There are 4 protein chains.
Amino acid sequence: ELGGFSEDCVKINPDYIRSFLFESKLMPSTWIVIRIDGCHFHRFSDVHEFNKPNDKQALDLMNLCAVAVLEEFQDIIFSYGVSDEYSFVLKKNSQLYQRRASEIVSAIVSFFSSMYVMKWKDVFPMKELKYPPSFDGRAVCYPSAEILRDYLAWRQVDCHINNQYNTCFWSLVKSGKCKSEAQSCLKGTQAREKNELLLKEFGIDYNTLPLMFRQGSSVFRVKTEKTSILENSTSVGKAQTKIVTEYCNIIEQSFWEANPSILD
Amino acid sequence: ELGGFSEDCVKINPDYIRSFLFESKLMPSTWIVIRIDGCHFHRFSDVHEFNKPNDKQALDLMNLCAVAVLEEFQDIIFSYGVSDEYSFVLKKNSQLYQRRASEIVSAIVSFFSSMYVMKWKDVFPMKELKYPPSFDGRAVCYPSAEILRDYLAWRQVDCHINNQYNTCFWSLVKSGKCKSEAQSCLKGTQAREKNELLLKEFGIDYNTLPLMFRQGSSVFRVKTEKTSILENSTSVGKAQTKIVTEYCNIIEQSFWEANPSILD
Amino acid sequence: ELGGFSEDCVKINPDYIRSFLFESKLMPSTWIVIRIDGCHFHRFSDVHEFNKPNDKQALDLMNLCAVAVLEEFQDIIFSYGVSDEYSFVLKKNSQLYQRRASEIVSAIVSFFSSMYVMKWKDVFPMKELKYPPSFDGRAVCYPSAEILRDYLAWRQVDCHINNQYNTCFWSLVKSGKCKSEAQSCLKGTQAREKNELLLKEFGIDYNTLPLMFRQGSSVFRVKTEKTSILENSTSVGKAQTKIVTEYCNIIEQSFWEANPSILD
Amino acid sequence: ELGGFSEDCVKINPDYIRSFLFESKLMPSTWIVIRIDGCHFHRFSDVHEFNKPNDKQALDLMNLCAVAVLEEFQDIIFSYGVSDEYSFVLKKNSQLYQRRASEIVSAIVSFFSSMYVMKWKDVFPMKELKYPPSFDGRAVCYPSAEILRDYLAWRQVDCHINNQYNTCFWSLVKSGKCKSEAQSCLKGTQAREKNELLLKEFGIDYNTLPLMFRQGSSVFRVKTEKTSILENSTSVGKAQTKIVTEYCNIIEQSFWEANPSILD
């Protein structure tokens, strides 16, 4: 007899039920990228009156959450964020959740979401969070450091292209054009033409805009050495890592040469 | 020229990068269950001083979030929660995210997590949320309504078995036994013996404990009819659905017969 | 020391190597269909001078192989073949190779191919097999008997549509039209028009063509009862199954009602 | 009206039926290995009276089929066979069947099986093929050349260990021991002890046994240069590849250095 339950429930065969579970393990020895994207963030940014084309506080909040994710998940070695998207790179031999895709993606996206709500008031002290934000996520594997770097470069190129377009678009809209007129103006324009438009029409030198807007945010670990003075006056260096947020060019070779420990 | 970027970035081939994406689509015409579980909730419940073996407020918070999930995701027809776990059942022909497992799991787990943090203060007005809770999730498909019901019955049997054990365990601990003594007392005992222990030692009639603790929580849609009186005094019935939270026996046939619209 | 090998090979970690293996298990309690298709059979049928639009011997050979497959793999309950394609249906709860897709597909396709070569001379005593035929294969699961029957019906409709087209096409070609003219003649024609063309131009009543060409081949098990007379003159019935090849309509309900044991 | 079919078949929705198909694409830019294994070859080798522990003709037949596979599938750059197993390595960027696992595995295993039957009489002119051989297959991906080489080394170490054991085992059996006695003799023995047993008891110097038995067979492409003398008496070199079968040590670095084009 099972409490209030009838004998029927004894018939359940847990092994049979469990046999429907399937495991999607990510290939060993590859770089796992977990990429999360805001769900319906167009509406979310309207409802919460984010500045256009970039809201520094909203980006700061994304970055704060990314830093927290790196603190929570030791296997994440690098992350790159732009707009409402963030990519987290796990080390090649990570055994997090035995590399089960579903658990890794959900645990990271869940932690990020909770943190976003908890930190909201710190970043927007005067703004109420009207409804819960949500993010979807997915895992992708890259078999070599070169292809992983191509992935990150692709995201940064996307950041640049979108930011340049959006900067033009919102300048035109703020100057009085309606949205469809602004779209027409920009249709088919090249990068150089957009920069000229910004400079001539609005006095904006694109290359002086904040790096965070133009290059996105990279959150990663750097190795530091903490020097301690022992009782006998000798000093001892102890390897440590700290998490930093930078707005750097991750397309160029020089970044990775300057930070060899990230992908080693 | 791409803003501050060198010509190098032009070499990136987005189609090649995207080719590493893989889609894991869930089999059409099957019942999708998204099951989420609290990550490290043993520690979370200690840090936030949840009552043992059941904290009514913590369970209420889980249920509030489940109701919100059903409001947000129209394709979810039923959900069942116990402790820090919740199972969400999507209708058989759902096309949510084109049945891509990763997106469905992450969007639901993310929304649930955000809501958990947002509603915390409503449920625990005197308790601070010390750190962000997180949940992991996974998708499983069941090919028939019978097997789906077996899955749900399995969860409810688990609820019962765990609750009975935990009720005994914490009664013993509160009575002065240390945890390992309590474990020894319960080792190998049958359901009937546990009920006798509760009754004789602690005066607890197991079957009078709150249904929510013994049977878990079911959150689902019921069809209602809203009758409106028109201007010409005729009344018109309009089909509506509302979301209800019940602590019912979902193992027995009678529940599903009384609610035929859930799995039809 | 490992025979002629140096010490290096001791460094190999078999568990690490094996970790790259992934298992793709097919969902339990669903109908598995293994469908095989001839690779480049257009060329194969040209080189081996198969009759057009249908070569009875080549189809007989496919059917002989299918019968052998059913004899070898007890879990296959039904199969349907048309042209150079064959679909094998495994019973819903088959545990063949623990439902690993790769092994099931490859073992069936391999056995079929070997048998095709072995039986060639029986069917084509005067024709040399010029090069090895090969087939590719794939596994698909269907969650209900209804959808499985829809799959089979789809294949049989395809058989009919292709056969009707090909019968017209080759009649036109044999009458002296070149292939592109024949195609033009048939472009956009309905089923009725094709039948009229066959009747008026070539005196062919489509519905009198061999059933095997019009409906494809079904190879399946039927239950029979073998009556034995014992020594004491009493007779005993013993259930047996035999494998039959029929050219029947599997779209209509009546076939399945007449053979209830196939999908029970 | 569809020929002899009723109107019912018009209801079939091919897109719905096709939606159950799932594609399992292998990760781009990784080394695909297709490994095939004889099904029930213990019995097959008994029925066909293969010599124990190694049947040179049976191995020659396997190698002939492997050569034919490399001729048929241009993307295969290397293969390694031992006993009734063969591993085929596709080049890293192969687009064969758009990297769909099921098609690649089944097409290779099917071609190999057909060829095995076709070539049987060439290798065993006096022996009848009693029943069709079959092989199962699977695909595995390796993200780097190093891990691929580890995989191949693992197979060759396995070849050595098995061959040494089997050589001892069958020597004992042929000397009059029953199979269980032979097993007992060998239980727990090291490589050196096995070699001593062979030398002292049977006068066999293990290291003089045929390389094919001790090291397995490698079938791969080598680049050659064909020199042609043109009309004007100048000679022109034209790069060509030919397929070779060798019994070489593929664990050591030297093989890969001598054949850099295989994994480049």
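Placed above this text is the structure.
Description of the structure in this document. (Residues numbered from 1 in each chain as written. Chains lettered and ligands numbered in written order. Predicted model: local features only at pLDDT ≥ 70, side-chain atom pairs only at ≥ 80, totals over all residues. Heavy atoms only, no water.)

**Some thoughts on the interface of chain C and chain A**
Thinking step 1. Across the boundary between the two partners, chain C contributes 6 residues, which contact 6 residues of chain A.
Thinking step 2. The interface formed by chain C and chain A holds 2 residue pairs in polar contact (both at pLDDT 80 or more) in total.
Thinking step 3. For the side of chain C that touches chain A, a count of residues per class yields 4 nonpolar, 2 polar and no charged. (Contact = heavy atoms within 4.5 Å. Polar contact = N/O pair within 3.5 Å; in protein donor to acceptor, adjacent residues only side chain to side chain. Nonpolar A, V, L, I, M, F, W, Y, C, P; charged D, E, K, R; others polar.)

**Some points on the relation of the copies chain C and chain A**
What relates the two chain copies is a rotation about an axis together with a slide along it.
Thinking step 1. Between chain C and chain A, the superposition needs a rotation of 180° and an axial shift of 0.0 Å, giving an RMSD of 0.1 Å. The operation mapping one copy onto its partner corresponds to a two-fold rotation axis. (Least-squares fit on C-alpha atoms with pLDDT ≥ 70 in both.)

**Points about the relation of the copies chain A and chain B**
Thinking step 1. Take chain A, turn it by 180°, move it 0.0 Å along the axis, and it overlays chain B with an RMSD of 0.1 Å.
Thinking step 2. A shared interface surface links the copies, since 100% of the contact residues of chain A are contact residues in chain B too.

**Some points on the interface of chain A and chain B**
Thinking step 1. Facing the 63 residues of chain A at the interface are 63 residues of chain B.
Thinking step 2. Linking chain A with chain B are 2 salt bridges.
Thinking step 3. We note a salt bridge from Arg-138 of chain A to Glu-103 of chain B, for which the minimum N-O separation is 2.6 Å.
Thinking step 4. The interface formed by chain A and chain B includes 12 residue pairs in polar contact (both at pLDDT 80 or more).
Thinking step 5. Mapped by element, the contributors of at least two residues to the side of chain A that touches chain B are α1 (14–18), α4 (101–123), β4 (135–142), α5 (145–174) and α8 (211–215) of chain A. (Salt bridge = Lys/Arg side-chain N within 4 Å of Asp/Glu carboxyl O. Helix = DSSP H or I, 4+ residues; strand = E, 2+ residues; numbered from the N terminus.)

**Some thoughts on helix α7 (residues 191–202) of chain A**
Residue and element names in this part refer to chain A.
Thinking step 1. Helix length check: α7, at 12 residues, gives a terminal C-alpha distance of 16 Å against a target of 16 Å (1.5 Å per residue), a fit within 8%.
Thinking step 2. Considered for burial, the residues of α7 that qualify are Ala-191, Lys-194, Asn-195 and Leu-198. One side of α7 holds all its buried residues, which, seen down the axis, span an arc of 100°. Relative to its buried face, α7 has exposed residues pointing more than 90 degrees away, namely Arg-192, Lys-200 and Glu-201.
Thinking step 3. Positive backbone phi, at 65°, marks Gly-203, one or two positions downstream of α7. (Expected span 1.5 Å × (residues − 1). Buried < 20%, exposed > 50% of the residue type's maximum accessible area, 1.4 Å probe, protein only. Arc of directions from axis to C-beta.)

**Looking at the packing of helix α5 (residues 145–174) of chain C against helix α7 (residues 191–202) of chain C**
All names here are of chain C.
Thinking step 1. Their axes nearest at 10 Å, the elements α5 and α7 cross at an angle of 35°. In this structure, the crossing between α5 and α7 has a hand that is left-handed. Every residue of α7 that contacts α5 at Gln-164, Tyr-165, Thr-167, Cys-168, Ser-171 and Leu-172 is listed here: Ala-191, Lys-194, Asn-195, Leu-197, Leu-198 and Phe-202.
Thinking step 2. In the contact of α5 with α7, the residues fall into 7 nonpolar, 4 polar and 1 charged. (Axes fitted to C-alpha atoms, helices over the stretch in contact; angles between N-to-C directions. Left-handed = near helix turned anticlockwise from the far one by under 90°.)

**Some details on the sheet that holds strand β2 (residues 76–82) of chain A**
All names here are of chain A.
Thinking step 1. Sheet architecture is open: 6 strands sit in the order β4-β1-β3-β2-β5-β6, paired in antiparallel fashion. Because the sheet does not close on itself, it has two edges, and the strands there are β4 and β6 (235–246). Within the sheet, the average angular offset between the axes of one strand and its neighbour, ignoring direction, is 25°.
Thinking step 2. Lying on the sheet, α5 is in contact with β1 (31–38), β2, β3 (85–90) and β4; it crosses β1 at an angle near 20°. (Pairing = 2+ DSSP bridges.)

**Things to note about the sheet that holds strand β1 (residues 31–38) of chain C**
Residue and element names in this part refer to chain C.
Thinking step 1. The strand order β4-β1-β3-β2-β5-β6 describes an open sheet built from 6 strands, whose pairing is antiparallel. Looking at strand neighbours, the two that pair on one side only are β4 (135–142) and β6 (235–246), the edges of this open sheet. Within this sheet the neighbouring strands show an average axis-to-axis angle of 25°, counted without direction.
Thinking step 2. Sheet contacts for helix α4 (residues 101–123): β1, β2 (76–82), β3 (85–90) and β4; angle to β4, the most-contacted strand, approximately 140°.

**Let's talk about the pairing of β4 of chain A**
All names here are of chain A.
Thinking step 1. With respect to burial, β4 is a largely interior element, 7 of its 8 residues being buried.
Thinking step 2. Relative to β4, β1 is paired through 8 bridges, and the arrangement is antiparallel. Following the sheet pairing, Asp-37 is matched in β4 by Asp-136.

**With respect to the pattern of salt bridges**
Residue and element names in this part refer to chain A.
Thinking step 1. Counted according to the given criterion, the structure contains 45 salt bridges over all chains.
Thinking step 2. The residue Arg-35 makes a salt bridge to Asp-37 at a minimum N-O spacing of 3.6 Å.
Thinking step 3. The residue Glu-85 makes a salt bridge to Arg-35 at a minimum N-O spacing of 3.9 Å. One end of the pair, Glu-85, is in strand β3; the other, Arg-35, is in strand β1, and 50 residues separate them in sequence.

**Thoughts on the environment of Arg-100 of chain C**
Thinking step 1. One can find Arg-100 of chain C in the loop between β3 and α4.
Thinking step 2. A relative accessible area of 16% means that Arg-100 of chain C is categorised as buried.
Thinking step 3. Distance from Arg-100 of chain C to Pro-260 of chain C, taken between C-alpha atoms, is 28 Å for residues 160 residues apart in sequence.
Thinking step 4. Residues in contact with Arg-100 of chain C, not counting those within four places in the same chain, are Glu-23, Ser-24 and Lys-25 of chain C together with Arg-138 of chain D.

**Let's talk about the pairing of strand β6 (residues 235–246) of chain B**
Residues and elements named next belong to chain B.
Thinking step 1. As paired elements, strand β5 (residues 217–229) and β6 share 12 bridges and run antiparallel to each other. The partner of Lys-223 across the bridge, within β6, is Thr-241.
Thinking step 2. Taken together, β5 and the strand that follows it, β6, pair antiparallel across an intervening segment of 5 residues, in which Ser-233 is found at a positive phi of about 70°.

**Quick look at the packing of aromatic side chains**
All names here are of chain A.
Thinking step 1. All chains considered together, the criterion is met by 112 aromatic pairs over all chains.
Thinking step 2. Where Phe-255 meets Trp-256, the ring centres are 4.9 Å apart and the plane angle is 90°; that geometry is what we call edge-to-face.
Thinking step 3. Linked through ring pairs, Phe-41, Phe-44, Phe-50, Tyr-86, Phe-88, Phe-112, Tyr-116, Trp-120, Phe-124, Tyr-131 and Phe-135 together constitute an aromatic cluster.
Thinking step 4. For the cation-ring pair, Arg-155 lies above Trp-154, with the distance from its terminal atom to the ring centre recorded as 4.5 Å. (Phe/Tyr/Trp six-rings, centres within 6.5 Å; stacked < 30°, edge-to-face > 60°. Lys NZ or Arg CZ within 6 Å of the ring centre and 35° of its normal.)

**So, the environment of Trp-31 of chain C**
Thinking step 1. Relative to the helices and strands, Trp-31 of chain C resides in strand β1.
Thinking step 2. The class for Trp-31 of chain C is buried, based on a relative accessible area of 4%.

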